[in-house]
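# Descriptive structure summary
Below are the chains, spelled out letter by letter.
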Amino acid sequence: MSSIFALVDCNNFYASCEKLFRPDLKHRPVVVLSNNDGCVVARSKEAKALGIKMGVPVFQIRDQIEQHNIVCFSSNYALYADLSQRVMSLLEEEAPYVEIYSIDEAFLDLTGLDGCVDILSFGQHLKAKVDQCTGITVGVGIAPTKTLAKLANHAAKTYPATGSVVNLMERDRQRRLLALLDVSDVWGVGRRLSKRLYERGIYTALDLADANSKVIRSEFSVVLERTVQELNGVSCIALEDAVPVKQQIVCSRSFGTRIIEKEALKEAIAKYMGRAAEKLRSEQRLARVVQVFIRTGAFNPNDTYYTNALTIELSHPTNDSRDLLKAAYEVLEKLYRPGYRYAKAGVMLTDFYEHHAYQQDMFQADPVRKGSKALMEVIDNINHSRLGKVFLAAQGTSTPWSMKREHLSPAYTTQWSDLPIVR
DNA sequence: TCTGGGGTCCTAGGACCC
DNA sequence: TCTGGGGTCCTAGGACCC
């Protein structure tokens, strides 16, 4: 029995979320900005029509924003995450297996369903249900492999005549669509790869599908060979119905203003480590390896560029914010060079252990702190409740370098105080 | 002046071992 | 002068994704 995958993808997700609570903006161009209000990361269809490109720095399109009255929002992840959850739980009601692939898309396993229902109608039903229950419009692509489902979804969004639902189970239809698409539209083929593929005369998705997969393997990689198989309807990438265990936890931010002093960098690192340690504890895990990186701005040719990262291995795995921060500070001491204008810093935790499975060494030099688990639990509980925020003093309270979010919308769905009011 | 953040997987090359 | 081959493990870096 051949597999059937559906890819459900929300249209212009962040921009759609913002519009949901602002009916006055229904037909207006809207863009959502990255952290620090730096780049455009989502565009409503009106903004796309104006030619606003994905990822473009905001300062480069100031004129267009003014001229066309484009509405800008800072990213409001609390809002997007909540709406995402609503969409995903609707999909979970409909399909036996759902892989939440990102905040705005999910793969569904529909294998075997073609025996009981018409697959296209089922896709249309999914779309109608999500539209009706959340107000978020989605596209649905259905195909025998994930890579083809991605392309079916792409077609659903590109061609209005499809009604945003495309069934790509038939080989003839697959090949007709592949011939229309550039090879760079294929999932897993990015900028570098497409350039190399063009040089070998592979321009369309169909060219790639018809390439010799052994040659692709030897000249490119096993990853691209899998893609060739998938384009030919051979499923190589399975649906992951269990959330894979994380290999690393990263917390990094660009600063709202440049940092020169070490003290300010220390505060930033303390803040990021506080957040990273919290994530680590929420996964019930311990980490043994801590990495810190700092760098100056990468774009200003007048600034001297400096970027560096260092890793330290702890004597024993821990999830105590204080131990992790102490390690991070040691690293920062080695990394920091005075005189640079730092633009970004971050911490990374790796080499994880299960909390209950780690066996302590009774002779280890610096034993685990007494009461660590209880203290961290108290901190996390307070921070998850409505009481407020508890954090290490090292994080500081006055942080002029914190990220810019000048166009933040209210947390309509996750804060009582921000609940929309209808008059 | 101002250019995001958080992930995964694969590969090449060096160190080391027998 | 002649100087093997095969294996593992680790890390840094590259490529991709949303």
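Please read all numbers here as calculations on a predicted model, not as lab measurements. (Residues numbered from 1 in each chain as written. Chains lettered and ligands numbered in written order. Predicted model: local features only at pLDDT ≥ 70, side-chain atom pairs only at ≥ 80, totals over all residues. Heavy atoms only, no water.)

It is worth spelling out helix 14 (residues 372-384) at this point. Between its first and last C-alpha, helix 14 extends 18 Å over 13 residues, near the 18 Å set by a 1.5 Å rise per residue. Those residues of helix 14 that sit buried are Ser 372, Met 376, Ile 379, Asp 380 and Asn 383. End-on view of helix 14: buried residues confined to an arc of 95 degrees, all on one side of the axis. Buried residues along helix 14 sit in contact with helix 12 (262-282) and helix 13 (321-335). (Helix = DSSP H or I, 4+ residues; strand = E, 2+ residues; numbered from the N terminus. Expected span 1.5 Å × (residues − 1). Buried < 20%, exposed > 50% of the residue type's maximum accessible area, 1.4 Å probe, protein only. Arc of directions from axis to C-beta. Contact = heavy atoms within 4.5 Å.)

Time to look at the protein's contact with DNA strand C. Taken together, 13 residues lie around DNA strand C, and Ser 102, Lys 150, Gly 188, Arg 192 and Leu 193 are the ones closest in. Within the side chain of Lys 150, a nitrogen or oxygen atom sits 2.6 Å from a phosphate oxygen of DNA strand C. Secondary-structure elements contributing two or more residues to the surface near DNA strand C are strand 5 (97-102) and helix 8 (191-199). Of the residues forming the surface near DNA strand C, the biggest block, 3 residues, is contributed by helix 8. Classifying every residue of the surface near DNA strand C by side-chain character gives 5 nonpolar, 3 polar and 5 charged. (Near = heavy atom within 4 Å. Polar contact = N/O pair within 3.5 Å; in protein donor to acceptor, adjacent residues only side chain to side chain. Nonpolar A, V, L, I, M, F, W, Y, C, P; charged D, E, K, R; others polar.)

Attention now moves to the UniProt feature "domain: UmuC" (unreviewed entry) in chain A. In the numbering used here, UniProt assigns the "domain: UmuC" (unreviewed entry) feature to residues 5-190. Across residues 5-190 one finds 41% helix and 20% strand; the C-alpha atoms that close the span lie 23 Å apart. (UniProt positions renumbered as here; feature names shortened; annotations may be inferred.)

Before going further, it helps to examine the packing of helix 6 (residues 146-158) against helix 7 (residues 171-180). How two helices sit against one another is set out by the angle between their axes and by the gap between those axes. At a closest axis distance of 11 Å, the pairing of helix 6 and helix 7 adopts a crossing angle of 65 degrees. Here helix 7 runs roughly perpendicular to helix 6, going by the angle between their axes. For the element pair helix 6 and helix 7, the recorded crossing hand is left-handed. Across the interface between the two elements, Leu 148, Leu 151, Ala 152 and Ala 155 of helix 6 pack against Gln 174, Leu 177 and Leu 178 of helix 7. (Axes fitted to C-alpha atoms, helices over the stretch in contact; angles between N-to-C directions. Parallel < 35°, antiparallel > 145°, perpendicular 65-115°, else oblique. Left-handed = near helix turned anticlockwise from the far one by under 90°.)

With respect to spatial proximity, 22 residues lie near DNA strand B, and among them Asn 35, Val 250, Ser 252, Arg 253 and Ser 254 are the closest. Considering the 4 Å shell around the protein, atoms of DNA strand B inside it are sugar or phosphate in 69% of instances. A distance of 3.1 Å separates a phosphate oxygen of DNA strand B from a polar backbone atom of Gln 247. Interatomic distance of 2.7 Å between a backbone N/O atom of Val 250 and a phosphate oxygen of DNA strand B. Residue assignment for the surface near DNA strand B shows that the elements contributing at least two residues are helix 11 (222-231) and strand 9 (248-259). Of the residues forming the surface near DNA strand B, the biggest block, 8 residues, is contributed by strand 9. In terms of residue class, the surface near DNA strand B is built from 9 nonpolar, 7 polar and 6 charged.

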